[in-house]
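Per-entry structural report
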2 protein chains.
Amino acid sequence: MIEISNAELSVMQVLWQRQLLSANDVVAALCNDKDWHEKTVKTLLNRLVSKGALGFDKDGRAYLYYPLIAEQDYQLQQGRSFVERIFAGRVAPLVAGFASQNKLNADDVQQLKQLIADWEQEQHHD
Amino acid sequence: MIEISNAELSVMQVLWQRQLLSANDVVAALCNDKDWHEKTVKTLLNRLVSKGALGFDKDGRAYLYYPLIAEQDYQLQQGRSFVERIFAGRVAPLVAGFASQNKLNADDVQQLKQLIADWEQEQHHD
DNA sequence: TTAATTGTATTACAGGTGTAATCTATAAGG
DNA sequence: CCTTATAGATTACACCTGTAATACAATTAA
């Protein structure tokens, strides 16, 4: 499994949102929030290419980067391994934590209800 | 915020389960599953003490270790920061991932329903 | 009382990470 | 053509982490 570090993840997130960006595009997108040097971002791009997380097409001298792994896949894999490590594999206690900190909103609850409904439907139809 | 590494976390988990264990107790508890050298576990104990995650009482020449941070606090903090990083702060998509991989069981669903009921109760009583 | 054992403390060392600076090759400008 | 700016490639460097080995101190055994 490809391991993506924290700083690298920020770069991936830019490219998950809009693909085929040049290094400078990525720098521009990131340096709004982050206070990173251009060289830092280029290092991260390089490392991500080495790791097989990004590919690129050449556009003259510059590269246009794109993700080689889908954000959803990454989220699934990370979610599973995180919940495994920290919550012994049970997701409900994590949600309980959010609830206890008032970090659930109506949207979340709506989505959760739908998930539960679907799950029960699935059970029933077995 | 205290940062606890992966290997260190395994040590913390032993001490969250039973406090006031000697280094050898921790080694014994861990070396059932993990294939770690005794020295490795002692290094981890040391690092955790340095980080302020563990304290100890002396028992003669040996130390008896105990956690200085509660597992629940750690879980809350990690849960929030993980969901923030990977899921833009929304917990429902993480649960959706579990559902999609058939990693929800009846217990989880029961707990989630209860959380939702409590949440709605809370809303209603505002 | 000296030697062996056993706890903790210190040191080791390679690979990953955050955070760049420098090198090198090429395209663009004069 | 020659110089400069600029793209990616290579190198840097300190700190963290996984994974111990070695050093030191005190207790126990002989």
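Now for a description of the structure that goes with this document. Everything quoted here is computed from the prediction, not taken from an experiment.

1. Examining the overall build of chain A
Within chain A, the regular secondary structure consists of six helices and three strands. Reading the helices (α) and strands (β) of chain A from amino to carboxyl end gives α-β-α-α-β-β-α-α-α. Taken against the 2.2 N^0.38 rule, which gives 14 Å for 126 residues, the C-alpha radius of gyration of chain A at 19 Å runs more than 25% over that of a compact globule. Overall size of chain A, expressed as C-alpha extent along the three principal axes, is 60 × 35 × 25 Å. Looking at chain A as a whole, 37% of its 126 residues are labelled buried. Residue pairs at least 24 apart in sequence account for 50% of intrachain contacts in chain A once pairs closer than 6 positions are excluded. When the accessible surface of chain A is summed, it comes to about 7300 Å², and 45% of that surface belongs to carbon and sulfur atoms. Here chain A contributes 13 positively and 17 negatively charged side chains, and the mean placements of these two sets differ by 9 Å.

2. A look at the relation of the copies chain B and chain A
In the superposition of chain B on chain A (RMSD 0.1 Å, axial shift 0.0 Å), the rotation amounts to 180°. Expressed as a symmetry operation, the mapping of one chain copy onto the other fits a two-fold axis. Looking at the interface residues of chain B, 98% of them are also at the interface in chain A, so both copies use one shared face.

3. A word on the environment of Met12 of chain A
Of note, Met12 of chain A is situated in helix α1 (residues 6-17). For the pair formed by Met12 of chain A and Ile69 of chain A, sequence separation is 57 residues and the distance between their alpha carbons is 9.3 Å.

4. Thoughts on the protein's contact with DNA strand C
The local shell around DNA strand C holds 22 residues, among which Ser5, Thr43 and Lys51 of chain A together with Arg61 and Tyr63 of chain B are the closest. What you see for DNA strand C is that sugar and phosphate hold 60% of its atoms within 4 Å of the protein. Ala7 of chain A places a polar main-chain atom, nitrogen or oxygen, 2.9 Å from a phosphate oxygen of DNA strand C. At 3.3 Å from a phosphate oxygen of DNA strand C is found a side-chain nitrogen or oxygen belonging to His37 of chain A. Of all elements in the fold, only α1 and α3 (38-51) of chain A together with α2 (23-30), α3 (38-51) and β3 (62-67) of chain B reach the threshold of two or more residues within the surface near DNA strand C. The element contributing the most residues to the surface near DNA strand C is α3 of chain A, with six residues.

5. Description of unusual backbone geometry
At Ala88 of chain A, a position not held by glycine, the phi torsion is positive, near 55°. Within the secondary structure, Ala88 of chain A sits in the loop between α4 (71-87) and α5 (92-100). A positive phi is found at Leu20 of chain B, a non-glycine position, where the angle reads about 55°. You can see Leu20 of chain B is positioned in the loop between α1 (6-17) and β1 (21-22). For Leu20 of chain B, a relative accessible area of 42% translates into the label partly exposed.

Reading the values: the criteria
- Residues numbered from 1 in each chain as written.
- Chains lettered and ligands numbered in written order.
- Predicted model: local features only at pLDDT ≥ 70, side-chain atom pairs only at ≥ 80, totals over all residues.
- Heavy atoms only, no water.
- Helix = DSSP H or I, 4+ residues; strand = E, 2+ residues; numbered from the N terminus.
- Rg over C-alpha atoms; globule rule 2.2 N^0.38 Å.
- Buried < 20%, exposed > 50% of the residue type's maximum accessible area, 1.4 Å probe, protein only.
- Contact = heavy atoms within 4.5 Å.
- Areas by Shrake-Rupley, 256 points an atom, 1.4 Å probe, with all protein chains shown as cover.
- Lys, Arg positive; Asp, Glu negative; His and termini not counted.
- Charge placed at Lys NZ, Arg CZ, Asp CG, Glu CD.
- Least-squares fit on C-alpha atoms with pLDDT ≥ 70 in both.
- Near = heavy atom within 4 Å.
- Polar contact = N/O pair within 3.5 Å; in protein donor to acceptor, adjacent residues only side chain to side chain.

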